[in-house]
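Chain residues, written in single-letter form:
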Amino acid sequence: MTNKERYDLWIGSELGLLKGVVLKKESFVNFGDITSLDKTQCITSMCWQKQDKKLTNIVFGLKNGTVKTFDTSTCEMGTSLTCNKVAPVRGVAALPDGSIVTCLENGNLQRWKNGQCDLEKSVGDDIKVMVHNKNTNDVIATGGQENDLKLWQLKSLDKPIFTAKNVKNDFLNLRVPIWITAIDFFNEDNNRVAVGSANHVVRVYDRREKRRPVFETDWHEHPITALTLKPNNHSIFLGNSAGHMSELDLRSGKQLGAFKGNAGSIRSIVCHKTQPYIGVCGLDRVFKLYDTNRKIVKQIYMKSNLNFILMPDTELQLTEVSGEKRERATEDGEEADVWQNMETVNDESKSEKPKKKKKK
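Described in the following lines is the structure provided in the data block.

About the cut-offs
Residues numbered from 1 in each chain as written. Predicted model: local features only at pLDDT ≥ 70, side-chain atom pairs only at ≥ 80, totals over all residues. Heavy atoms only, no water. Helix = DSSP H or I, 4+ residues; strand = E, 2+ residues; numbered from the N terminus. Buried < 20%, exposed > 50% of the residue type's maximum accessible area, 1.4 Å probe, protein only. Contact = heavy atoms within 4.5 Å. Areas by Shrake-Rupley, 256 points an atom, 1.4 Å probe, with all protein chains shown as cover. Pairing = 2+ DSSP bridges. Axes fitted to C-alpha atoms, helices over the stretch in contact; angles between N-to-C directions. Patch = residues over 30% accessible without salt bridge, like charges linked within 9 Å, V, L, I, M, F, W, Y side chains within 5 Å. Salt bridge = Lys/Arg side-chain N within 4 Å of Asp/Glu carboxyl O. Lys, Arg positive; Asp, Glu negative; His and termini not counted. Charge placed at Lys NZ, Arg CZ, Asp CG, Glu CD. Core = buried A, V, L, I, M, F, W, Y, C linked by side-chain atoms within 4.5 Å. Phe/Tyr/Trp six-rings, centres within 6.5 Å; stacked < 30°, edge-to-face > 60°.

Before going further, it helps to spend a moment on the overall build of the chain. A count of helical and extended segments in the chain gives one helix and 28 strands. Expressed as a percentage of the 360 residues in the chain, the buried residues total 48%. For the chain, the share of sequence-separated contacts (at least 6 apart) that also reach a separation of at least 24 residues comes to 42%. Accessible area for the chain stands at about 20000 Å²; split by element, carbon and sulfur atoms hold 46% of it.

Here the focus is the sheet that holds strand β9 (residues 100-104). The antiparallel open sheet is built from four strands, whose spatial order is β8-β9-β10-β11. Here the strands that pair on one side only, and so sit at the sheet edges, are β8 (89-94) and β11 (116-122). Ignoring strand direction, the axes of neighbouring strands in this sheet form an average angle of 20°. Strand direction decides the pairing type here: strand β10 (residues 108-113) and β11, joined by six bridges, are antiparallel.

In this structure, S197 sits in strand β17 (residues 192-197). Since its relative accessible area comes to 2%, S197 is described here as buried. Contacts of S197, omitting those with residues within four sequence positions, involve W179, I180, T181, P223 and I224.

In spatial order, the strands read β12-β13-β14-β15; together these four strands make up an open sheet with antiparallel pairing. At either end of the open sheet lies a strand with only one pairing partner, and these are β12 (127-133) and β15 (162-163). Taken together, the five bridges between strand β13 (residues 139-144) and strand β14 (residues 147-153) define a ladder with antiparallel strand orientation. Residue pairing in the sheet places V139 in a bridge with Q153 of β14.

A separate point is a positive patch on the surface. Taken together, the side chains of K165, K168, K210 and R211 define a basic patch exposed on the protein surface. Tracing the backbone through its elements, the reader meets K168 in the loop between β15 and β16 (180-185). Given the relative accessible area of 61%, K168 is considered exposed.

On to the nonpolar core, then. Of all hydrophobic cores here, the largest spans 16 residues; its most connected members are L9, I11, V21, L23, F287, L289 and M302. Looking at this core, the elements with two or more residues in it are β1 (9-13), β25 (277-282), β26 (286-291) and β28 (306-310). Discounting chain neighbours no more than four positions away, the residues touching F287 are L9, I11, L23, G279, V280, K298, Q299, I300, M302, L306 and I309. Grouped together as the second largest cluster of nonpolar side chains are 15 residues, Y7, V29, F31 and M46 included.

Turning our eyes to something else, we now look at the environment of V129. Looking at the secondary structure, you find V129 in strand β12. The residues contacting V129, other than those within four sequence positions of it, are R90, A141, T142, G143, I180, T181, A182 and I183.

Tallied over the entire structure, the rule returns eight aromatic pairs. Between W10 and F31, the aromatic rings sit 5.7 Å apart at their centres with planes inclined by 45°, giving tilted as the arrangement. With W10 in strand β1 and F31 in strand β3 (residues 27-31), this pair connects stretches of sequence that are 21 residues apart. When its relative accessible area of 8% is taken as the criterion, F31 is described as buried.

Rendered as structure tokens:
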């Protein structure tokens, strides 16, 4: 496979490799330093960076505190930024003006422009996730362990524009712990945010109404590790550390259905904007593409643990695999037609055996 091949989507692995996936061939290509694979180079976050109004560059953060860029048109690595050699990167965001925002696990938020840091702010300790709001391009959300949801405006980082308030005590009058593991903004909505926690709780916040969640429900018994909203904002796709994945209705709180086929912790769930497809990856090393009916459309073994999926705005090409698989499929179809067209023959010689009389 040449570098001129059109890759449908990109996946970041736990060993620091960036994988370009071709769905029609059910294959992929690794990009990165394969000779020195190390889990310290684990890809922890990824985002698109527009160049000439096209999604051509990828910005991804590593566990060792480094941020790198990758040009998908030439398939070459670009510049790298060293944020911190101790704390892993928990979120990256590429702004329209060409600057890059990074957030580390220790809460160090930085804005980079032309390879130099021009803004730095502490957003709290134990950050587990930082997400950029693509609707406004100027708001980010942060959260982590004992660090509740906060919305920050990049123009003025003096204080957050929204700070969530912890829910009321439980039925034993004990404080509910805070441990945010996944965040996603509503599509074309600047006020509502969906949050998943390690306490297997899903919450929806609306900063126009109140600081506490406007929607809350429990889901399974394991930590939620990934979530994404459906384009119509009516339901949400959830994945946890045990490999369970479901679609949850945000209006009624009921589970609409489960996605089967995942055998390990789910790390990333992405919905295509225009096509009815959902991409899923995790620690079972298999990338799966589902349709809205929760059926697997494509399934590719990627040979390493997977952490993050980037899906472009262009349509995915899902043609059948050519070559031996297509010939085998046609042969199987012809053979099935032969068996279906055969007439059934009744063998009259074989009559039913008479029943044995019982001896008195």
